[in-house]
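# Architecture and fold: a report
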Amino acid sequence: MPLLLFHSPKGGVGSTFLAAHCAMELAARGHEPIAIDFTYQGSLKLFFGLLPDQPIVRAGDDSEEELVAAGVELLDGYRLGRKAAFLKMLADPDASPFPSDKLIIADVAAADHALKQALLPHAVLQVCTITPGPVALASLTKVDPAQPLAELQKTLIVVNLLDDTRTLARHSNIFLHSAFERLLAGTVRQDEAVNEAVAKFETLERFRPTSAALADVRAVVTALEEHCNLGPRKEGEEG
Amino acid sequence: MMRSDAEALLKKLGQKDFRYQEFADRFGDTELWPLFEALLQDERLVGRPVSRIDAKRVTRERAALATVHPLPKKPEASSEEDRVTPALDVAAGETHPIGDGELDAFLGRMTPGR
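Fair warning: this is a prediction, and the values are worked out from it, not measured in the lab. (Residues numbered from 1 in each chain as written. Chains lettered and ligands numbered in written order. Predicted model: local features only at pLDDT ≥ 70, side-chain atom pairs only at ≥ 80, totals over all residues. Heavy atoms only, no water.)

Take the overall build of chain B next. When helices and strands are counted, chain B shows five helices and two strands. Its helices and strands taken in sequence order, chain B reads α-β-α-α-α-α-β from the N to the C terminus. Scored against the burial criterion, the 114 residues of chain B give a buried share of 24%. Working note: accessible area of chain B is about 8,800 Å², and carbon and sulfur atoms make up 55% of it. (Helix = DSSP H or I, 4+ residues; strand = E, 2+ residues; numbered from the N terminus. Buried < 20%, exposed > 50% of the residue type's maximum accessible area, 1.4 Å probe, protein only. Areas by Shrake-Rupley, 256 points an atom, 1.4 Å probe, with all protein chains shown as cover.)

See below:
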(Lines give C-alpha, C1' and ligand atoms only; values in the text may rest on other atoms or scores of the structure.)
Protein backbone atom coordinates (compact mmCIF):
# COMPACT_ATOMS: atom_id res chain seq x y z
CA MET A 1 0.00 0.00 0.00
CA PRO A 2 1.19 3.50 -0.71
CA LEU A 3 2.79 6.26 1.27
CA LEU A 4 0.98 9.59 1.04
CA LEU A 5 3.37 12.35 1.97
CA PHE A 6 1.87 15.56 3.32
CA HIS A 7 4.41 18.35 3.08
CA SER A 8 4.22 21.99 2.12
CA PRO A 9 7.11 24.38 1.55
CA LYS A 10 5.14 26.93 3.56
CA GLY A 11 4.30 26.45 7.23
CA GLY A 12 0.98 27.36 8.83
CA VAL A 13 -1.13 26.41 5.83
CA GLY A 14 -2.96 23.53 7.49
CA SER A 15 -0.98 20.59 6.14
CA THR A 16 -1.38 18.72 9.44
CA PHE A 17 -5.12 19.42 9.48
CA LEU A 18 -5.40 18.02 5.98
CA ALA A 19 -3.24 14.95 6.73
CA ALA A 20 -5.36 14.13 9.78
CA HIS A 21 -8.69 14.56 8.06
CA CYS A 22 -7.64 12.73 4.91
CA ALA A 23 -6.53 9.84 7.14
CA MET A 24 -9.89 9.83 8.96
CA GLU A 25 -11.83 10.00 5.71
CA LEU A 26 -9.75 7.20 4.18
CA ALA A 27 -10.45 5.13 7.30
CA ALA A 28 -14.17 5.86 6.93
CA ARG A 29 -13.93 4.56 3.36
CA GLY A 30 -12.56 1.23 4.50
CA HIS A 31 -8.81 1.78 4.21
CA GLU A 32 -6.71 1.10 7.28
CA PRO A 33 -4.36 4.06 7.42
CA ILE A 34 -1.44 4.61 9.71
CA ALA A 35 -0.74 8.29 10.29
CA ILE A 36 2.83 9.09 11.25
CA ASP A 37 3.49 12.51 12.74
CA PHE A 38 7.06 13.41 11.83
CA THR A 39 6.77 16.93 13.24
CA TYR A 40 8.35 18.26 16.42
CA GLN A 41 5.16 19.91 17.64
CA GLY A 42 3.17 16.69 17.34
CA SER A 43 -0.16 18.38 16.70
CA LEU A 44 -1.60 15.75 14.36
CA LYS A 45 -3.29 13.97 17.29
CA LEU A 46 -5.26 17.10 18.23
CA PHE A 47 -7.41 16.73 15.11
CA PHE A 48 -8.37 13.24 16.34
CA GLY A 49 -9.91 14.73 19.48
CA LEU A 50 -6.96 13.79 21.67
CA LEU A 51 -5.50 15.89 24.46
CA PRO A 52 -2.13 17.65 24.11
CA ASP A 53 -0.61 15.39 26.77
CA GLN A 54 -1.86 12.18 25.18
CA PRO A 55 1.23 10.05 24.58
CA ILE A 56 1.52 8.64 21.08
CA VAL A 57 3.27 5.38 20.28
CA ARG A 58 6.70 6.00 18.83
CA ALA A 59 7.14 4.64 15.35
CA GLY A 60 9.41 1.61 15.49
CA ASP A 61 8.62 0.89 19.13
CA ASP A 62 6.82 -2.46 19.32
CA SER A 63 6.66 -2.51 23.11
CA GLU A 64 3.75 -0.09 23.36
CA GLU A 65 0.13 -0.87 22.60
CA GLU A 66 -1.10 0.67 19.38
CA LEU A 67 -3.26 3.79 19.54
CA VAL A 68 -6.13 3.91 17.08
CA ALA A 69 -8.36 6.98 16.88
CA ALA A 70 -11.21 7.46 14.39
CA GLY A 71 -10.05 4.32 12.61
CA VAL A 72 -6.49 5.60 12.17
CA GLU A 73 -3.43 4.17 13.88
CA LEU A 74 -1.34 7.06 15.15
CA LEU A 75 2.43 7.01 15.44
CA ASP A 76 4.94 9.59 16.60
CA GLY A 77 7.67 9.61 13.98
CA TYR A 78 9.72 12.60 15.11
CA ARG A 79 12.62 10.59 16.54
CA LEU A 80 12.43 8.00 13.79
CA GLY A 81 12.81 10.76 11.22
CA ARG A 82 16.13 11.68 12.78
CA LYS A 83 17.57 8.20 13.10
CA ALA A 84 20.55 7.58 10.85
CA ALA A 85 19.49 3.98 10.25
CA PHE A 86 16.04 5.10 9.07
CA LEU A 87 17.47 7.75 6.78
CA LYS A 88 19.97 5.23 5.43
CA MET A 89 17.12 2.85 4.65
CA LEU A 90 15.21 5.63 2.90
CA ALA A 91 18.25 6.30 0.75
CA ASP A 92 17.67 2.93 -0.93
CA PRO A 93 14.52 3.35 -3.04
CA ASP A 94 14.08 -0.44 -3.19
CA ALA A 95 14.11 -0.93 0.57
CA SER A 96 10.99 0.69 1.93
CA PRO A 97 10.85 0.83 5.72
CA PHE A 98 7.05 0.84 5.63
CA PRO A 99 4.79 -2.23 5.73
CA SER A 100 3.54 -3.02 2.24
CA ASP A 101 0.02 -3.88 3.40
CA LYS A 102 -0.72 -0.55 5.06
CA LEU A 103 -1.68 2.87 3.80
CA ILE A 104 0.75 5.32 5.35
CA ILE A 105 -0.03 9.00 5.85
CA ALA A 106 3.13 10.94 6.69
CA ASP A 107 2.90 14.47 8.07
CA VAL A 108 6.22 16.28 7.63
CA ALA A 109 6.93 19.80 8.87
CA ALA A 110 7.51 22.53 6.31
CA ALA A 111 11.04 23.18 7.57
CA ASP A 112 11.97 19.51 7.45
CA HIS A 113 12.84 19.59 3.78
CA ALA A 114 15.58 16.95 4.10
CA LEU A 115 13.19 14.36 5.52
CA LYS A 116 10.62 15.18 2.88
CA GLN A 117 13.20 14.62 0.15
CA ALA A 118 14.23 11.32 1.77
CA LEU A 119 10.63 10.08 1.98
CA LEU A 120 9.58 11.25 -1.46
CA PRO A 121 11.05 8.33 -3.50
CA HIS A 122 8.94 5.96 -1.38
CA ALA A 123 5.77 8.00 -1.73
CA VAL A 124 3.11 7.43 -4.32
CA LEU A 125 1.97 11.00 -3.85
CA GLN A 126 3.01 14.25 -2.21
CA VAL A 127 0.09 16.36 -1.07
CA CYS A 128 1.18 19.98 -0.95
CA THR A 129 -1.16 22.24 0.99
CA ILE A 130 -1.15 25.97 0.39
CA THR A 131 -3.36 28.87 1.35
CA PRO A 132 -4.75 31.26 -1.28
CA GLY A 133 -2.47 34.13 -0.36
CA PRO A 134 0.56 35.72 -2.01
CA VAL A 135 3.22 34.34 0.33
CA ALA A 136 1.95 30.78 0.06
CA LEU A 137 1.63 31.11 -3.71
CA ALA A 138 5.22 32.27 -3.96
CA SER A 139 6.31 29.26 -1.90
CA LEU A 140 5.17 26.97 -4.72
CA THR A 141 8.51 27.71 -6.34
CA LYS A 142 10.05 25.62 -3.57
CA VAL A 143 7.98 22.46 -3.85
CA ASP A 144 10.78 20.60 -5.61
CA PRO A 145 14.26 22.08 -5.92
CA ALA A 146 15.13 20.00 -8.96
CA GLN A 147 12.00 20.11 -11.09
CA PRO A 148 9.51 22.77 -12.14
CA LEU A 149 6.15 22.45 -10.43
CA ALA A 150 4.28 21.94 -13.70
CA GLU A 151 6.40 18.88 -14.50
CA LEU A 152 5.90 17.06 -11.19
CA GLN A 153 4.09 13.78 -11.71
CA LYS A 154 3.33 12.70 -8.16
CA THR A 155 2.38 15.96 -6.52
CA LEU A 156 -1.10 17.27 -5.90
CA ILE A 157 -1.89 20.70 -4.48
CA VAL A 158 -4.73 21.40 -2.08
CA VAL A 159 -5.81 24.99 -1.47
CA ASN A 160 -6.75 25.31 2.18
CA LEU A 161 -8.41 27.99 4.32
CA LEU A 162 -10.20 29.70 1.47
CA ASP A 163 -12.14 32.69 2.75
CA ASP A 164 -14.44 33.35 -0.15
CA THR A 165 -15.35 36.81 1.14
CA ARG A 166 -11.80 37.95 0.30
CA THR A 167 -11.12 39.08 -3.25
CA LEU A 168 -7.45 38.17 -3.47
CA ALA A 169 -8.09 34.78 -1.89
CA ARG A 170 -10.79 34.01 -4.45
CA HIS A 171 -8.63 35.21 -7.32
CA SER A 172 -5.65 33.21 -6.08
CA ASN A 173 -7.80 30.11 -5.88
CA ILE A 174 -9.06 30.62 -9.43
CA PHE A 175 -5.56 31.36 -10.67
CA LEU A 176 -4.22 28.12 -9.19
CA HIS A 177 -7.05 26.01 -10.53
CA SER A 178 -6.60 27.56 -13.96
CA ALA A 179 -2.85 27.61 -14.30
CA PHE A 180 -2.09 24.29 -12.60
CA GLU A 181 -5.34 22.42 -13.15
CA ARG A 182 -3.72 18.99 -13.42
CA LEU A 183 -2.06 19.41 -10.03
CA LEU A 184 -5.07 20.69 -8.08
CA ALA A 185 -6.85 18.14 -5.89
CA GLY A 186 -9.34 20.64 -4.53
CA THR A 187 -10.04 23.57 -2.26
CA VAL A 188 -10.99 23.45 1.41
CA ARG A 189 -12.95 26.42 2.69
CA GLN A 190 -12.09 28.19 5.92
CA ASP A 191 -14.31 26.93 8.68
CA GLU A 192 -14.02 27.95 12.32
CA ALA A 193 -15.60 24.64 13.29
CA VAL A 194 -12.17 23.06 12.63
CA ASN A 195 -10.62 25.05 15.49
CA GLU A 196 -13.67 24.68 17.69
CA ALA A 197 -13.55 20.90 17.39
CA VAL A 198 -9.88 20.87 18.43
CA ALA A 199 -10.68 23.11 21.40
CA LYS A 200 -13.42 20.70 22.49
CA PHE A 201 -11.21 17.61 22.04
CA GLU A 202 -13.60 16.24 19.47
CA THR A 203 -13.19 15.18 15.91
CA LEU A 204 -14.69 17.56 13.36
CA GLU A 205 -16.95 14.77 12.12
CA ARG A 206 -18.41 14.39 15.60
CA PHE A 207 -18.45 18.08 16.54
CA ARG A 208 -19.84 19.53 13.31
CA PRO A 209 -20.80 16.84 10.78
CA THR A 210 -22.18 19.56 8.50
CA SER A 211 -18.84 21.40 8.39
CA ALA A 212 -18.09 22.94 5.00
CA ALA A 213 -14.41 22.09 5.45
CA LEU A 214 -15.28 18.47 6.10
CA ALA A 215 -17.33 18.29 2.91
CA ASP A 216 -14.40 19.79 1.01
CA VAL A 217 -11.95 17.28 2.52
CA ARG A 218 -14.18 14.44 1.32
CA ALA A 219 -13.93 15.78 -2.22
CA VAL A 220 -10.15 16.03 -1.87
CA VAL A 221 -9.95 12.43 -0.67
CA THR A 222 -11.92 11.30 -3.70
CA ALA A 223 -9.34 13.05 -5.89
CA LEU A 224 -6.50 11.38 -3.97
CA GLU A 225 -8.15 7.97 -4.31
CA GLU A 226 -8.49 8.46 -8.04
CA HIS A 227 -4.92 9.69 -8.45
CA CYS A 228 -3.49 6.77 -6.45
CA ASN A 229 -5.94 4.17 -7.74
CA LEU A 230 -7.18 3.57 -4.23
CA GLY A 231 -10.60 2.15 -4.83
CA PRO A 232 -13.04 2.43 -1.96
CA ARG A 233 -12.55 -0.64 0.23
CA LYS A 234 -15.48 -2.86 1.04
CA GLU A 235 -16.05 -4.21 4.51
CA GLY A 236 -14.14 -7.41 5.13
CA GLU A 237 -11.88 -6.93 2.09
CA GLU A 238 -8.34 -8.16 2.72
CA GLY A 239 -5.05 -6.46 1.83
CA MET B 1 -25.40 23.85 -4.09
CA MET B 2 -25.77 25.40 -0.66
CA ARG B 3 -22.89 25.17 1.79
CA SER B 4 -23.59 22.27 4.09
CA ASP B 5 -23.09 24.35 7.23
CA ALA B 6 -25.37 27.13 5.96
CA GLU B 7 -28.02 24.59 5.04
CA ALA B 8 -27.82 23.02 8.51
CA LEU B 9 -28.09 26.42 10.21
CA LEU B 10 -31.15 27.48 8.21
CA LYS B 11 -32.77 24.13 8.92
CA LYS B 12 -32.06 24.53 12.63
CA LEU B 13 -33.59 28.00 12.61
CA GLY B 14 -36.58 26.77 10.67
CA GLN B 15 -35.99 29.45 8.05
CA LYS B 16 -37.32 28.67 4.61
CA ASP B 17 -37.60 32.15 3.13
CA PHE B 18 -33.98 32.57 2.15
CA ARG B 19 -32.64 32.37 -1.35
CA TYR B 20 -29.07 31.09 -1.44
CA GLN B 21 -26.66 32.19 -4.10
CA GLU B 22 -22.91 31.85 -4.35
CA PHE B 23 -21.17 34.67 -6.16
CA ALA B 24 -18.31 32.80 -7.72
CA ASP B 25 -15.84 34.76 -9.81
CA ARG B 26 -15.45 33.79 -13.41
CA PHE B 27 -11.91 33.34 -14.61
CA GLY B 28 -12.29 36.26 -16.98
CA ASP B 29 -13.31 38.53 -14.10
CA THR B 30 -10.25 37.88 -11.99
CA GLU B 31 -7.71 40.64 -11.76
CA LEU B 32 -4.25 40.32 -13.19
CA TRP B 33 -2.28 40.59 -9.99
CA PRO B 34 1.41 41.14 -10.76
CA LEU B 35 2.26 38.13 -8.59
CA PHE B 36 0.30 35.84 -10.91
CA GLU B 37 2.21 37.13 -13.91
CA ALA B 38 5.53 36.73 -12.10
CA LEU B 39 4.70 33.15 -11.12
CA LEU B 40 3.70 32.24 -14.66
CA GLN B 41 7.12 33.36 -15.83
CA ASP B 42 9.04 31.64 -13.06
CA GLU B 43 11.04 28.69 -14.38
CA ARG B 44 10.69 26.89 -11.05
CA LEU B 45 6.97 26.70 -11.68
CA VAL B 46 6.55 26.42 -15.42
CA GLY B 47 9.95 25.29 -16.65
CA ARG B 48 12.35 27.07 -18.95
CA PRO B 49 10.51 29.62 -21.10
CA VAL B 50 11.04 29.28 -24.81
CA SER B 51 12.73 32.14 -26.60
CA ARG B 52 10.59 34.68 -28.46
CA ILE B 53 11.88 33.29 -31.78
CA ASP B 54 10.84 29.77 -30.75
CA ALA B 55 7.48 31.06 -29.54
CA LYS B 56 6.85 32.70 -32.93
CA ARG B 57 7.87 29.49 -34.71
CA VAL B 58 5.48 27.45 -32.55
CA THR B 59 2.69 29.95 -33.20
CA ARG B 60 3.31 29.76 -37.00
CA GLU B 61 3.35 25.95 -36.91
CA ARG B 62 0.11 25.85 -34.95
CA ALA B 63 -1.49 28.30 -37.36
CA ALA B 64 -0.41 26.12 -40.28
CA LEU B 65 -1.78 23.03 -38.58
CA ALA B 66 -5.06 24.79 -37.90
CA THR B 67 -5.30 25.67 -41.59
CA VAL B 68 -4.69 22.10 -42.70
CA HIS B 69 -6.93 20.57 -40.04
CA PRO B 70 -9.52 23.21 -39.11
CA LEU B 71 -11.21 22.55 -35.83
CA PRO B 72 -14.91 21.72 -35.99
CA LYS B 73 -17.03 24.78 -35.46
CA LYS B 74 -18.34 25.00 -31.91
CA PRO B 75 -22.04 25.61 -31.34
CA GLU B 76 -23.03 29.09 -30.26
CA ALA B 77 -22.69 29.62 -26.53
CA SER B 78 -26.08 29.62 -24.90
CA SER B 79 -25.23 31.69 -21.87
CA GLU B 80 -22.65 34.04 -20.46
CA GLU B 81 -21.12 31.19 -18.51
CA ASP B 82 -20.74 29.03 -21.60
CA ARG B 83 -18.75 31.77 -23.27
CA VAL B 84 -16.04 31.71 -20.60
CA THR B 85 -12.88 30.49 -22.26
CA PRO B 86 -11.58 27.29 -20.73
CA ALA B 87 -8.61 27.79 -18.51
CA LEU B 88 -5.17 27.31 -19.99
CA ASP B 89 -3.93 23.94 -18.92
CA VAL B 90 -0.28 24.67 -18.38
CA ALA B 91 0.49 21.19 -17.27
CA ALA B 92 -2.16 18.83 -18.52
CA GLY B 93 -0.68 15.99 -20.45
CA GLU B 94 2.31 17.92 -21.66
CA THR B 95 5.29 18.90 -19.64
CA HIS B 96 6.80 21.45 -21.99
CA PRO B 97 7.04 24.93 -20.53
CA ILE B 98 4.59 27.68 -21.15
CA GLY B 99 5.62 29.82 -24.11
CA ASP B 100 5.38 33.58 -24.54
CA GLY B 101 2.34 33.26 -26.78
CA GLU B 102 0.55 31.03 -24.30
CA LEU B 103 1.44 33.31 -21.44
CA ASP B 104 0.08 36.32 -23.29
CA ALA B 105 -3.12 34.42 -24.02
CA PHE B 106 -3.47 33.38 -20.41
CA LEU B 107 -2.86 36.83 -19.02
CA GLY B 108 -5.07 38.38 -21.67
CA ARG B 109 -8.07 36.59 -20.23
CA MET B 110 -7.64 38.34 -16.91
CA THR B 111 -8.63 41.95 -16.42
CA PRO B 112 -5.83 44.46 -15.72
CA GLY B 113 -4.90 44.75 -12.05
CA ARG B 114 -5.22 47.75 -9.89
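Residue and element names in this part refer to chain A. The end-to-end C-alpha distance of helix 1 (residues 15–28), which contains 14 residues, comes to 20 Å, matching closely the 20 Å that a straight helix rising 1.5 Å per residue would cover. Along helix 1, 13 of the 14 residues are buried, which leaves the element largely enclosed by surrounding structure. Gly-30 lies just past helix 1 and shows a positive phi near 100°. (Expected span 1.5 Å × (residues − 1).)

Before going further, it helps to spend a moment on the pairing of strand 5 (residues 103–107) of chain A. Residue and element names in this part refer to chain A. A large share of strand 5 lies buried, amounting to five of its five residues. Bridge analysis of strand 1 (residues 3–6) against strand 5 gives four bridges, and the strand direction is parallel. What sits directly across from Leu-3, in strand 5, is Ile-104. Inspection of the sheet shows strand 2 (residues 33–37) paired to strand 5 by five bridges, in the parallel sense. By the bridge assignment for strand 5, Ile-36 is matched with Ala-106. (Pairing = 2+ DSSP bridges.)

In this section: the nonpolar core. All names here are of chain A. The biggest cluster of nonpolar side chains holds 62 residues, and the ones touching the most others in it are Phe-6, Leu-18, Phe-38, Phe-48, Leu-74, Leu-119 and Leu-224. Examining the composition of this core, we find that nine residues originate from one element, helix 1, more than from any other. Those residues in contact with Phe-38, other than ones at most four positions away along the chain, are Gly-77, Tyr-78, Leu-80, Gly-81, Arg-82, Phe-86, Ala-106, Asp-107, Val-108, Asp-112, Leu-115 and Leu-119. Judged by nonpolar contacts, the second largest core, of 23 residues, contains Leu-140, Leu-152, Ile-157 and Leu-184. (Core = buried A, V, L, I, M, F, W, Y, C linked by side-chain atoms within 4.5 Å. Contact = heavy atoms within 4.5 Å.)

This part covers the interface of chain B and chain A. Each side of the interface is counted separately: chain B has 31 residues, and chain A has 31 residues. Roughly 2,600 Å² is buried in total at the junction of chain B and chain A, and carbon and sulfur atoms are behind 64% of that figure. A per-residue breakdown of the area chain B buries against chain A is headed by B:Arg3, B:Arg44 and B:Leu45, which together make up 23% of the total. Residue classes in the side of chain B that touches chain A are distributed as 16 nonpolar, five polar and ten charged. (Buried area = accessible area lost by both parts, 1.4 Å probe. Nonpolar A, V, L, I, M, F, W, Y, C, P; charged D, E, K, R; others polar.)

Okay, the pairing of strand 2 of chain A next. All names here are of chain A. Summarising burial for strand 2: five of the five residues are buried, a large majority. Going residue by residue along strand 2, you find Pro-33, Ala-35 and Asp-37 tucked away on one face and Ile-34 and Ile-36 tucked away on the opposite face as well. One ladder, built from four bridges, connects strand 2 with strand 4 (residues 72–76); its direction is parallel. Within strand 4, the position partnered with Ile-36 by the bridge is Leu-75.

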